[in-house]
Amino acid sequence: MDGPPGGSTPVTPVIKAGWLDKNPPQGSYIYQKRWVKLDTDHLRYFDSNKDAYSKRFISVACISHVAAIGDQKFEVITNNRTFAFRAESDVERKEWMQALQQAMAEQRARARLSSAYLLGVPGSEQPDRAGSLELRGFKNKLYVAVVGDKVQLYKNLEEYHLGIGITFIDMSVGNVKEVDRRSFDLTTPYRIFSFSADSELEKEQWLEAMQGAIAEALSTSEVAERIWAAAPNRFCADCGAPQPDWASINLCVVICKRCAGEHRGLGAGVSKVRSLKMDRKVWTETLIELFLQLGNGTGNRFWAANVPPSEALQPSSSPSTRRCHLEAKYREGKYRRYHPLFGNQEELDKALCAAVTTTDLAETQALLGCGAGINCFSGDPEAPTPLALAEQAGQTLQMEFLRNNRTTEVPRLDSMKPLEKHYSVVLPTVSHSGFLYKTASAGKLLQDRRAREEFSRRWCVLGDGVLSYFENERAVTPNGEIRASEIVCLAVPPPDTHGFEHTFEVYTEGERLYLFGLESAEQAHEWVKCIAKAFVPPLAEDLLARDFERLGRLPYKAGLSLQRAQEGWFSLSGSELRAVFPDGPCEEPLQLRKLQELSIQGDSENQVLVLVERRRTLYIQGERRLDFMGWLGAIQKAAASMGDTLSEQQLGDSDIPVIVYRCVDYITQCGLTSEGIYRKCGQTSKTQRLLESLRQDARSVHLKEGEQHVDDVSSALKRFLRDLPDGLFTRAQRLTWLEASEIEDEEEKVSRYRELLVRLPPVNRATVKALISHLYCVQCFSDTNQMNVHNLAIVFGPTLFQTDGQDYKAGRVVEDLINHYVVVFSVDEEELRKQREEITAIVKMRVAGTASGTQHAGDFICTVYLEEKKAETEQHVKIPASMTAEELTLEILDRRNVGIREKDYWTCFEVNEREEAERPLHFAEKVLPILHGLGTDSHLVVKKHQAMEAMLLYLASRVGDTKHGMMKFREDRSLLGLGLPSGGFHDRYFILNSSCLRLYKEVRSQRPWSGAPETSHRPEKEWPVKSLKVYLGVKKKLRPPTCWGFTVVHETEKHEKQQWYLCCDTQMELREWFATFLFVQHDGLVWPSEPSRVSRAVPEVRLGSVSLIPLRGSENEMRRSVAAFTADPLSLLRNV
């Protein structure tokens, strides 16, 4: 692939991969087995084929020679090192050597054309930053280079110059985070790289460089929007598809993704393809201006001047049709507008030399396209070439155009066509014929039932990769045809969906849906089988081994390749989604009912279906809206609960139905201390509605306090368990369980319960354990909720065994299972410890959850961390209503005996982990209201405010109490954060004064004495400054344009929260804006002149690592109940 020098390119394709034996550097005769990959840029070897990062890599540009040595061995020779490999056979050795030699030849050809050839390493790119860093796990420092969107690791500087490295990290899946004064982490999904710099300043420089690499790796639409400003560029130059986001930089035409694939097939000598959204570095201001001057309008007036209507491309054209058309258009120049000087080489060259000194780019394009020599001699020794002439004349656009066409081949009608590069495998011939009933094709999904009268009887023939349909069996000319290569999906609706009992749907690339029907199930099945064989390649033929509801190809991202979408083959059968990816065997099926997440990301034009399983995440993109919407509906339906039995429900990781987990989790969060929990019944209507929602799609139901009452949720759970047709303990084993409860010897009875538990189906067994574990926690708070073991057994016995309440044995079973929970379910100390921590964490969350709506007596207790969130740094503090942030800060420092030196600006921060932002509390701000609003993903931490000194200096030196200037602005929006198209940040002008923050779309005329916009200009938005909360930081998945941003939250009078994000160009600018916010919000008092030393007594109440507040009953009762459970979880059961 001809990648641009700089810019984010798609993942380089692997030319060859496999196992080889490698001779270690010491020259030992013992070879080590290594997984080796070769692509156009690097030869890499790994310890395992599962590894994401290589053990070593060798730049192909630095390989000087490849030689065979002895049986099955070969050497890869660089200027300074020789690497010896051994293949399993001479044939395999030959294949590796040929692949390496070809890659070397292609690399050298590219390097000769690249300015990077002028650097020390041929084919390399100038690094954005390079130097030595310590990396945890390595004894010596490594030489690290940030190059484009990658971070490269080398053993030392010498090996960097030799092009021999350890590994490189693609920053499109990376994130950098400051750890301490000199250290920072580079985090990827596959490994965390912990670096240390020599100084804090150097660390900041490395962070900035790596954050720049991340920004470069993530795509933006800024270039595309600018190029689309020219109307002809809004449609593909070849097929007319709207919003093309690829381009040929030498032909100066903007093209769609499908045409771009065929342009690549023409080769870099004909078309150099670049992405408008990903290859950001290549899009200089000059190149963008060139596309605005030339672009599709001028380009097609030359290249497509004589295209017959019958040969014109459409957005729905097949790949083979595109390939033939583009070969004719650009390689042969078949449709070009011939220049009057065509055929006269000398005159063409003279005309080119004259044209490049003017602004007539269209003339230059026509001359080059008709054979003028781009390196012809101009006759002027001081400017011997057209490029030199253009430079002499100061024609920068002409220079850019000439540079991009230095290696472009001249179109020739009589040239020998190279062998076509096929991107799809030739499919076996499938033949079938017979009558089918067909409706008119549709451009949208069929939501309504198609009546029998809407079908027309047609004679259909499948052969030579084409499905043709005729008026009757005697007709010669078909009414229409569907090419197998254009089929993207084949769907089989349930019987009797339409007027014919058995139907199937065919979706094509042209966004058309064809519906066929038959009465015979056998004939319909045969047609589906034959059509599937006709369009599914051998790569995915395993998907045809079983029946399916839907089969087709879709763009996806998964595994180690999250940078760009690839096309995979998928089949949906029941609740299983099977996938075959081009770079591997058939994947393990996704169990849709066991997904952790099923969501839709992006906007309506660029939707992405996200499927999250415990070990993997799959992103399916909606490139073609019609078939994607069909897949989306089918997958959502398959992922929902299918019946009434436990095994047919949506399941979690531990085979527990999501409906059970949702209810148990909510009651654990909000109802452990609710008096009469499970004994009290909820409102019948609310319980029924909730249960229906949970049965329909429990995964999408999120229970929230204030919206659902705990008694409604507990009633829904009991109703669900009671209504199970087979019951939780199954009909077959129910009686055996009841009989076991009558065994008098306790040990024998417990042993019998354990035996019966093993016999239950896996889902039932997991659900029983989860439910009894939950009831075990509930009874631990019986002093408050009045639900001891016996009371719970009375409620759940009849529910779980579906009896009328007359059989006491049902209650006895439940009572025994709770009493002997640890033994029956083999719960070890570690599991008990986790359960204990969960309960204490729940009680802590209730501090914030209940305090917002209910007043409690006494002080609140919260957990505060010192410097960072770690178990060993947490402190538990009583928070009276009068406590300020300054008092809390000083108390934490007093407890840890931390001395405060001059210019130590210790501050209490509110940290929001989900938003990746933090807010330094004002020293006079009351802490208690902050605690009331803290979510489960937020906490308080006391640490030094590193920017406070700079902020105070700025405030002391500035004039006036307002600030205005440009910032990048973005409103809150749900994003995927994986490089997908989405709304971004936009330049806006802001004015901040003592009363409000105003946003302007553009800068208006300014008053010379103030520099501020005229007040007559109405702002686009305005917010009262006192109602704003400003947090430092912007979450990474929003792809902020700089690392100096802050998040602003506005709460309206109706307590509705609005959120947006602002980014500054420099760190100093960020500090100035934040300082001004503090200044105007707190009437100029940003930092206390003389901090008061407050020393408070350490509270006596603690529960493990989390502190408590009384929720119900007296404070002493709550403390006794929970503290006893913490000290000894079994102590509360000994008296039951």
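No experiment lies behind these values; they were computed from the predicted model shown.

How each quantity is defined
- Residues numbered from 1 in each chain as written.
- Predicted model: local features only at pLDDT ≥ 70, side-chain atom pairs only at ≥ 80, totals over all residues.
- Heavy atoms only, no water.
- Pairing = 2+ DSSP bridges.
- Helix = DSSP H or I, 4+ residues; strand = E, 2+ residues; numbered from the N terminus.
- Axes fitted to C-alpha atoms, helices over the stretch in contact; angles between N-to-C directions.
- Phe/Tyr/Trp six-rings, centres within 6.5 Å; stacked < 30°, edge-to-face > 60°.
- Buried < 20%, exposed > 50% of the residue type's maximum accessible area, 1.4 Å probe, protein only.
- Lys NZ or Arg CZ within 6 Å of the ring centre and 35° of its normal.
- Polar contact = N/O pair within 3.5 Å; in protein donor to acceptor, adjacent residues only side chain to side chain.
- Contact = heavy atoms within 4.5 Å.
- Salt bridge = Lys/Arg side-chain N within 4 Å of Asp/Glu carboxyl O.

K.L.:
Whenever I open this one, the sheet that holds strand S10 (residues 150-154) confuses me. Can you help?
P.N.:
Two orientations exist for strands paired in a sheet by backbone hydrogen bonds: parallel and antiparallel. Read from one edge of the open sheet, 7 strands run S12-S10-S9-S8-S15-S14-S13, paired in antiparallel fashion. Unpaired on one side and paired on the other, strand S12 (167-170) and strand S13 (175-178) mark the two borders of the sheet. On average, each strand axis in the sheet is tilted by 35° relative to the strand beside it, whichever way the strands run.

K.L.:
Honestly, the packing of aromatic side chains in this entry has me stumped. Any pointers?
P.N.:
Here the distance between the centres and the angle between the planes together describe a pair of aromatic rings. This structure, assessed with the given rule, holds 32 aromatic pairs. Centre to centre, the rings of Tyr 53 and Phe 193 are 5.3 Å apart; their planes meet at 80°, and the pair counts as edge-to-face. Placement of the pair is Tyr 53 in the loop between strand S3 (42-46) and strand S4 (56-59) and Phe 193 in strand S15 (residues 192-196), with a sequence separation of 140 residues. The exposure class of Phe 193 is buried, given its relative accessible area of 1%. Where Phe 535 meets Trp 569, the ring centres are 5.7 Å apart and the plane angle is 50°; that geometry is what we call tilted. A residue pair is termed long-range when its members are at least 10 positions apart, and Phe 535 in helix H13 (residues 521-535) and Trp 569 in strand S27 (residues 561-573) qualify at 34 residues. A network of ring pairs unites the aromatic residues Phe 57, Tyr 143, Tyr 154, Tyr 160 and Phe 168 as a single cluster. Its end group placed over the ring of Phe 435, Arg 457 keeps NZ or CZ at 3.5 Å from the ring centre. For the cation-ring pair, Arg 550 lies above Trp 631, with the distance from its terminal atom to the ring centre recorded as 5.8 Å.

K.L.:
In this structure, what is going on with the side chain of Gln 1059? I would like to understand it.
P.N.:
Here Gln 1059 shows up in strand S44 (residues 1057-1063). A polar atom in the side chain of Gln 1059 sits 3.0 Å from the side chain of Glu 915. Side-chain polar atoms of Gln 1059 contact the side chain of Tyr 1061, separated by 2.9 Å. Leaving out residues up to four positions away in the same chain, Gln 1059 has contacts with Glu 915, Glu 971, Asp 972, Thr 1047, Val 1048 and Val 1049.

K.L.:
What exactly am I supposed to notice about the side chain of Thr 1042 here?
P.N.:
Among the secondary structure elements, Thr 1042 is positioned in the loop between strand S42 (1028-1032) and strand S43 (1045-1051). If near-sequence neighbours (up to four positions away) are discounted, Thr 1042 is found in contact with Cys 1063, Cys 1064 and Asp 1065.

K.L.:
What's the story with the pattern of salt bridges in this structure? I'm lost.
P.N.:
Close approach of charged atoms allows side chains with opposite charge to pair. For the structure shown, the criterion picks out 47 salt bridges. Here Arg 34 ties to Asp 47 by a salt bridge, and the two come within 3.3 Å at their closest N and O atoms. Taken together, the positions of Arg 34 in strand S2 (residues 32-39) and Asp 47 in the loop between S3 and S4 put the pair 13 residues apart, joining distant regions of the chain. Look at Asp 47 and you get partly exposed, because its relative accessible area is 43%. For Glu 471, the salt bridge goes to Arg 458, with nearest N and O atoms at 3.5 Å. Separated by 13 residues along the polypeptide, Glu 471 in the loop between strand S21 (466-470) and strand S22 (480-483) and Arg 458 in strand S20 (residues 456-463) bring together distant segments of the chain. Relative accessible area serves as the criterion here: at 41%, Glu 471 is assigned to the partly exposed category. Overlapping salt bridges bring together Arg 914, Glu 915, Asp 937 and Lys 1035 as one network.

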